[in-house]
Each structure stands twice: as structure tokens, then as C-alpha cells.
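Next come the chains, spelled out residue by residue.
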Amino acid sequence: MKMHCEKEEEVIRARAEGLLADNGEPASEGGAALREHVAACPICQEALFLAELFERDQRALGAQAPLPEADLVWWKAQLRARREAVRRAEAPVVFAEKAAWVTGALSAAGLAAWQWPAIRGWLALIASAPILGPHSEPLAALFVAGLVSTLVLAGVSLYLIWSEK
Amino acid sequence: MRAMPISKCETLDGVEKAQEIERVFAMDEASFRAFYAQTARPLWAYLFRASGDPTLAEDLLQETYYRFLRARPDPMSDAHRKNYLYRIATNLLTDHRRRERGKEFTNPPGEAGADRSATIEPRAEGGSERTELESAFKQMKAREREILWLAYAEGYKHEEIAELTGIKAASLRPLLFRARRKLAEILRGGSKA
């Protein structure tokens, strides 16, 4: 069976333009020729049948479509565009903040590694305090870690409070 | 998208705001209203028939207009503008389908999509015809529904459909033929192609 008719698109277009009247009467000479063709062409008949069916369906659906108001679509688009603009504007700041945190953490780790002998000396000094008793190096390390954490958390809290303001 | 400083964004008002929107969007509000009034109903019908889901159709409709506004295409005729809109809508349908990979839009009875599609009740006039079409469409593949609707409801030429859907022009004709046969057979009560 033939899969395609060269006139199919022409027939559909002619129907949409009203050249083929719904009652089967041609509206023009060109329409008459096309109508004759359709009468003899099963492919165009099928295409025409679907076009008419879809048009009725489209009209009925359009009438029932739960469409949002144009104003609402416009307003939402505006809002979204503005949010995206803000996000874009903030992106370098967010990136810089993250970079600052990573750099700070790496610097602290590097400093600790570089000054490790001195840190061990301090730990030994703290561990030798009579209050901690003998073999208290792990306890001293824990104390220093706690102190550093407290200082870091205090700094972060202050930063967050400051940035909120 | 063009970045806008936060401070400027927050302080936009009146004429300045309107000018900024005009620069960011493809058209002003009045033109958009006219364009929306002209295109929204057929576009929604396309999205609904292609997806089978009224809620999804509404979401995709809003997304389509947003992307259209943001795309800021070069000045074009109404017909080209409509084509551009349908291309965005078709791409969104394709993206959605990809996200739902492995699943067709056609849902077996009882699944969410099938239930939601029932919320658009066919009215008395042509009601049974619409119910039949709806039921027939559920048996079609998403791509088939798209090309059928574009060809026979929207009246697009084959080359235009190929452009809108990204299907090769040479492949479109046999695809459309098979889809048309299949739908016609289902509507006639015959077996699926």
C-alpha cells in the first residue's frame, strides 16, 4: 500500500484555510480539484478524517482548558527571572565563601604540620602540669583540640551573627 | 541569562522595572497578553494530548512561556513565534519523557496519570467522540501522539514537524504514516498496528 500522498499536506492546509468546505462543497477551483483528489485517495481521506476529528477535539479541549491567567503567568515569570538574577549575582559570593573556608582549613592544617614540633612542645608543657597527673599527653591533646574547636565555633558564630545583620 | 546586581534587582521600580523586564524578556506585558490569548489554548491542548495529563500540561505550558520569554529570540513573524513556542514545548515533553525513562505516558488503568487525565470530563457535545479519541491516544506512543497532533491539529508541514521534534525529515513520513494508520485502526475498533 502507498505510504504517502504528495498532496496530503496540501489537502490539510487547504482544509485549514477553508478551501475545502466542511459540507463537502468546494470553495474555489483549486478546492474542487483537491476535493476530487480526496474522493479518490484513501490516504488523504484518512488524513482529512483525522484533521477534522482533531479540530473538534482541539476546540472542545480549548474551551475546557484549565489555563492560568496571562497575568499570573507573566507575574510568575517575572518573579522567577528575578530570583534567577539574584542567584546568579550571588553565585560568585557563595563561591568565594566556600573557597575561603577551604583555604582557611588547608592553611590551618599546613600551619599545624609546619609547627608540629612546637605544638608537641606545648602539649608536653601542658601535660607536665601537676593537675593532669602522669602520662597525660592524650588528655592534653584533647584539651587543646577542644580549645581550638571552641575558638573556631565562636568565630563562625560571630561571623553568622554579623552576616545576618 | 544576564546577571543583575542584587541591589539593583531589589530597588527596581516603575519605569526602570519595566525597562529592565523588557531587556530580560522577549516582549512587553501587553504583547505577551495578546500572544498568550492567541496561543495558550491550542498549546495546552497539544501538551495535554501529547502527555495525557492535564496537570503536567499546565506545568509545561507555564514553563514553555517562561522559556520563550527568556529566550529573547530575534524579532520574528507570528508564525515563526508560534513555531518557536511549539519547539520549546516539544523539547519540554521530550525532556520530561527522558526523565521518566522506561515509562511511557500511557499509564495502565488505575495509575496516577490515568486518574488525572479523567479530570477533563468530555462535555455532552461530541463527548463520546472525545472519549474514544482519548482512549485511542492512550494506546499510542508519546512520539506518535506528538507528530499526529502537530500534523493534523496544528497543520504543520512535515519539514516543520521534523524541525520541531528533531526527527529526520526522511524518517518522519513513515513514522507519521504508521501512527496515522494505527490511530485510524484503533478508532475504527480494529486491532493495534
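Criteria and cut-off values
One numbering rule holds for all chains: residues counted from 1, following each sequence as written. Chains carry letters from A onward and ligands carry numbers from 1 onward, assigned in written order. Given that this is a predicted model, residues contribute local features only at a pLDDT of at least 70 and side-chain atom pairs are listed and counted only at 80 or more, while totals for whole chains, interfaces and linings are drawn from all residues. Side-chain metrics rest on all non-hydrogen atoms present in the structure, leaving aside hydrogens and water. Here a pair means two rings of Phe, Tyr or Trp (six-membered ring of Trp) with centres within 6.5 Å. Their orientation is stacked below 30 degrees between planes, edge-to-face above 60, and tilted elsewhere. The helix and strand labels rest on DSSP assignments: H or I over at least four residues marks a helix, E over at least two residues marks a strand, and numbering proceeds from the N terminus. Each residue's exposure class comes from its accessible area (1.4 Å probe, protein chains only) as a fraction of the maximum for that residue type: buried when under 20%, exposed when over 50%, partly exposed otherwise. We call a charge positioned above a ring when the Lys NZ or Arg CZ atom is no farther than 6 Å from the ring centre and deviates by at most 35 degrees from the ring normal. Note on contacts: a residue pair is in contact if any heavy atoms of the two residues lie within 4.5 Å. Two parts placed together each lose some accessible area under a 1.4 Å probe, and adding up what both lose gives the buried area. Take a side-chain nitrogen of Lys or Arg and a carboxyl oxygen of Asp or Glu: if they are within 4 Å of each other, that pair is a salt bridge. Pairing of N or O atoms within 3.5 Å defines a polar contact, subject to two protein rules: one partner must be a possible hydrogen donor and the other a possible acceptor, and residues neighboring in sequence count only if both atoms are side-chain atoms. Residue polarity is assigned by list, with Asp, Glu, Lys and Arg as charged and Ala, Val, Leu, Ile, Met, Phe, Trp, Tyr, Cys and Pro as nonpolar; anything else, Gly included, falls into the polar class.

Chemist: Whenever I open this one, the packing of aromatic side chains confuses me. Can you help?
Modeler: When we look at a pair of aromatic rings, we describe it by the centre distance and by the angle of the planes. The full count for this structure, using the stated rule, is 14 aromatic pairs over all chains. Taking 5.5 Å as the distance between ring centres and 40° as the angle between the ring planes, the aromatic pair formed by Trp74(A) and Phe32(B) counts as tilted. Residue Trp74(A) is found in helix α4 (residues 70–114), and its partner Phe32(B) is found in helix α3 (residues 29–51); the two belong to separate chains. Grouping residues by exposure puts Trp74(A) and Phe32(B) together as buried. On the basis of an interplanar angle of 40° and a centroid distance of 6.2 Å, the ring pair of Tyr159(A) and Trp162(A) is categorised as tilted. With a gap of three residues between them, Tyr159(A) and Trp162(A) both fall in helix α6 (residues 137–164), about one helical turn apart. When its relative accessible area of 31% is taken as the criterion, Tyr159(A) is described as partly exposed. Given a relative accessible area of 63%, Trp162(A) falls into the exposed group. Of the aromatic side chains, those joined through ring pairs into one cluster are Trp74(A), Phe32(B), Phe35(B), Tyr36(B), Tyr65(B), Phe68(B) and Tyr84(B). Over the face of the ring belonging to Phe137(B) we find Arg49(B), whose NZ or CZ atom lies 5.9 Å from the ring centre.

Chemist: Would you take a moment to explain the interface of chain B and chain A for this structure?
Modeler: Many authors give the size of an interface as the accessible area that is lost as the parts come together. Listed by partner, the interface residues are 58 residues for chain B and 46 residues for chain A. In total, about 4900 Å² of surface goes out of reach between chain B and chain A, with carbon and sulfur atoms giving 64% of it. One can count nine salt bridges joining chain B with chain A. Glu63(B) is paired through a salt bridge with Arg80(A); the nearest N and O atoms lie 2.7 Å apart. Counting across the chain B and chain A interface gives 15 residue pairs in polar contact (both at pLDDT 80 or more). Of all the secondary structure elements, the ones that give two or more residues to the side of chain B that touches chain A are α1 (6–11), α2 (14–24), α3, α4 (54–71), α7 (127–138), α8 (142–153), α9 (158–165) and α10 (169–187) of chain B. Among the elements that take part in the side of chain B that touches chain A, α3(B) stands out by supplying eleven residues, more than any other. For the side of chain B that touches chain A, the per-class residue count stands at 35 nonpolar, three polar and 20 charged.

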